[in-house]
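Commentary on secondary and tertiary structure
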2 protein chains.
Amino acid sequence: MKELKEKILKFGNPINENVLKVDSFINHQVDANLMNLIGKEFAEYYKDRNITKVVTIESSGIAPATFTALHLNVPLVIMKKTTSKVLSDDLVQATITSYTKGTTFELTMSKKFVNKDDNVVVIDDFLANGQAAMGAIKLVEKMGANVESIGILIEKSFQPGRKELIDAGYEVYSLARIKRMSKGEVEFEE
Amino acid sequence: MKELKEKILKFGNPINENVLKVDSFINHQVDANLMNLIGKEFAEYYKDRNITKVVTIESSGIAPATFTALHLNVPLVIMKKTTSKVLSDDLVQATITSYTKGTTFELTMSKKFVNKDDNVVVIDDFLANGQAAMGAIKLVEKMGANVESIGILIEKSFQPGRKELIDAGYEVYSLARIKRMSKGEVEFEE
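Structure report, in brief. (Residues numbered from 1 in each chain as written. Chains lettered and ligands numbered in written order. Predicted model: local features only at pLDDT ≥ 70, side-chain atom pairs only at ≥ 80, totals over all residues. Heavy atoms only, no water.)

**Side note on the packing of helix H2 (residues 32-46) of chain A against helix H3 (residues 62-72) of chain A**
All names here are of chain A. Put simply, H2 and H3 touch, their axes get as near as 7 Å, and they point 50° apart. Of the possible angle classes, the one that applies to H2 and H3 is oblique. The handedness of the crossing between H2 and H3 comes out as right-handed. Facing Ala32, Met35, Asn36, Ile38, Gly39, Lys40, Phe42, Ala43 and Tyr46 of H2, the residues of H3 in contact are Ala63, Pro64, Phe67, Thr68, His71 and Leu72. Of the residues assigned to the contact of H2 with H3, the class counts are 10 nonpolar, four polar and one charged. (Axes fitted to C-alpha atoms, helices over the stretch in contact; angles between N-to-C directions. Helix = DSSP H or I, 4+ residues; strand = E, 2+ residues; numbered from the N terminus. Parallel < 35°, antiparallel > 145°, perpendicular 65-115°, else oblique. Left-handed = near helix turned anticlockwise from the far one by under 90°. Contact = heavy atoms within 4.5 Å. Nonpolar A, V, L, I, M, F, W, Y, C, P; charged D, E, K, R; others polar.)

**Here we look at the interface of chain B and chain A**
Taken together, the 29 residues of chain B in the interface contact 29 residues of chain A. Carbon and sulfur atoms supply 59% of the area that chain B and chain A bury against each other, a total of about 2500 Å² over both sides. Inspection of the chain B/chain A interface yields two salt bridges. With a closest N to O distance of 3.3 Å, B:Lys112 and A:Asp23 form a salt bridge. Looking at the side of chain B that touches chain A, the elements with two or more residues in it are strand S3 (29-30), helix H2 (32-46), helix H3 (62-72), strand S5 (76-82) and strand S7 (103-110) of chain B. Per element, the largest residue contribution to the side of chain B that touches chain A is six residues, and it comes from H3(B). The residue inventory of the side of chain B that touches chain A, partitioned by class, reads 13 nonpolar, 11 polar and five charged. Pairing geometry for strand S3 (residues 29-30) of chain A and S5(B), over two bridges, is antiparallel. Each residue of the ladder has a partner; that of A:Val30, found in S5(B), is B:Leu76. (Buried area = accessible area lost by both parts, 1.4 Å probe. Salt bridge = Lys/Arg side-chain N within 4 Å of Asp/Glu carboxyl O. Pairing = 2+ DSSP bridges.)

**Topic: the relation of the copies chain B and chain A**
It takes a turn of 180° to lay chain B on chain A, together with a shift of 0.0 Å along the axis; the resulting RMSD is 0.0 Å. Viewed as a symmetry operation, the transformation between the two copies matches a two-fold axis. Take the interface residues of chain B: 100% of them recur as interface residues in chain A, which is what a same-surface contact looks like. (Least-squares fit on C-alpha atoms with pLDDT ≥ 70 in both.)

**Structural notes on the environment of B:Val55**
Checked against the element boundaries, B:Val55 lands in strand S4 (residues 53-57). Note on B:Val55: relative accessible area 0%, which makes it buried. (Buried < 20%, exposed > 50% of the residue type's maximum accessible area, 1.4 Å probe, protein only.)

**A look at empty space enclosed by the protein**
Here the structure, examined in full by the defined rule, presents one cavity of 30 Å³ or more. Around the largest cavity sit A:Ile62, A:Ile78, B:Ile26, B:Asn27, B:Val30, B:Ser59, B:Ser60, B:Ile62, B:Ala63 and B:Pro64, which together line it. For the lining of the largest cavity, the element with the highest residue contribution is H3(B), accounting for three residues. Residue composition of the lining of the largest cavity, grouped by class: seven nonpolar, three polar and no charged. (1 Å grid on protein atoms, 1.4 Å probe; cavity = no way out; pocket = protein on both sides within 12 Å on 5 of 7 lines; lining within 4 Å. Points joined across faces, edges and corners; volume = space filled by probe spheres on them.)

**What to know about H3(B)**
Residue and element names in this part refer to chain B. Counting buried positions along H3 gives 10 out of 11 residues, so the element sits mostly inside the fold. Buried residues of H3: Ile62, Ala63, Pro64, Ala65, Thr66, Phe67, Thr68, Ala69, Leu70 and Leu72, and no others. Once H3 ends, the next one or two residues include asparagine 73, with phi positive near 60°.

**Here we look at the pattern of salt bridges**
Considering all chains together, one arrives at 26 salt bridges over all chains under this definition. One salt bridge in this structure joins A:Glu44 and A:Lys47, with 2.8 Å as the shortest N-O distance. On the basis of relative accessibility, which here comes to 49%, the residue A:Lys47 falls in the partly exposed class. Connected via shared salt-bridge partners are A:Lys21, A:Asp23 and B:Lys112.

**So, the pairing of strand S5 (residues 76-82) of chain A**
Residue and element names in this part refer to chain A. In terms of burial, S5 is a largely internal element, five of the seven residues being buried. Sheet topology places strand S4 (residues 53-57) next to S5; four bridges connect them, and they run parallel. Residue pairing across strands places threonine 56 opposite isoleucine 78, the latter belonging to S5. A crossover connection joins S4 to the parallel S5 through H3; in handedness this β-α-β unit is right-handed. (Right-handed = clockwise from strand over helix to strand, strands pointing away.)

Structural data, given as structure tokens:
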């Protein structure tokens with residue numbers, strides 16, 4: 001997606017080969033116009049796929065996912081990050097390890113909001129090792145629903161997430177795919 | 001705001017005199033069309049107030065605040081909840097105690113995204129004791145910026161937050177003001 005790639009080149013801050021800071025337009029300060037365009041782009045891409053729900057993970061995915069839900073005219077479900085396992089018949093949980101931050105959390109969702117008739121697209125800001133996306137898929141599938149696709153804003157294509165999701169049979173649609181990075185430089189896939 | 005009050009009456013779940021669950025349309029499952037209407041309502045209300053930034057607190061405020069920012073055509077800044085104090089010249093922090101959850105967190109914002117020329121509206125989903133709003137105000141004012149107003153989706157008018165903010169000299173604009181609640185019942189202010 002042209003507008004997102006331009007923003008990354010202009011305002012993204014690649015601080016080393018693995019970390020791209022996008023805190024001036026995606027995950028701390030947020031460019032709402034860009035989020036709206038991103039939502040329109042995803043909605044256009046998924047419009048004939050009978051999507052019934054958009055699912056995301058708090059909190060960086062919320063802004064683009066809300067606009068995707070708006071333009072697809074379906075509800076958004078936000079999966080929560082909690083620090084501990086909760087024993088409750090109303091919830092489903094999956095343990096996620098973030099390699100980037102070296103932390104573990106319990107991805108948590110109420111059973112009320114996804115059911116076996118749902119056809120879900122999972123939206124997230126980054127795809128790196130794929131742990132968050134895999135956790136989201138696990139919770140959606142625990143409810144008997146179908147994961148139609150994974151929609152990503154920025155994919156670090158040199159990390160294993162994309163391949164693992166595709167090898168597991170999922171579609172990944174990324175708006176910007178980064179082939180390699182170094183301090184101050186970003187190169188996109190063709 | 002009529003649409004929000006109707007949703008609260010139809011889908012809100014007042015479980016006792018103090019707790020209103022809105023997890024089916026605001027903070028777990030999200031009604032994106034309602035969030036867009038809310039954003040339009042805030043933008044209409046604040047349109048002649050020279051707002052330069054919308055500020056919110058992760059994560060329930062993000063969806064309505066992003067739409068408010070879109071319709072005001074200004075950036076959104078998301079204040080983060082972190083568990084520990086961070087010593088950094090790039091950040092400002094304020095300690096917030098949540099009476100509802102019995103927890104404490106450090107509200108955190110990068111200094112990059114708010115400065116002395118900013119005129120800010122703080123958007124949040126709930127106003128109860130006002131701790132979160134007061135923390136957000138503190139961080140905005142630490143940067144030398146002006147807090148023009150506090151925009152709230154649901155105000156529990158029987159709790160002290162509104163009065164404390166107004167006594168401290170701030171404007172509070174709430175889209176739904178709840179006078180009293182009991183299990184299964186919600187009564188709005190006139």
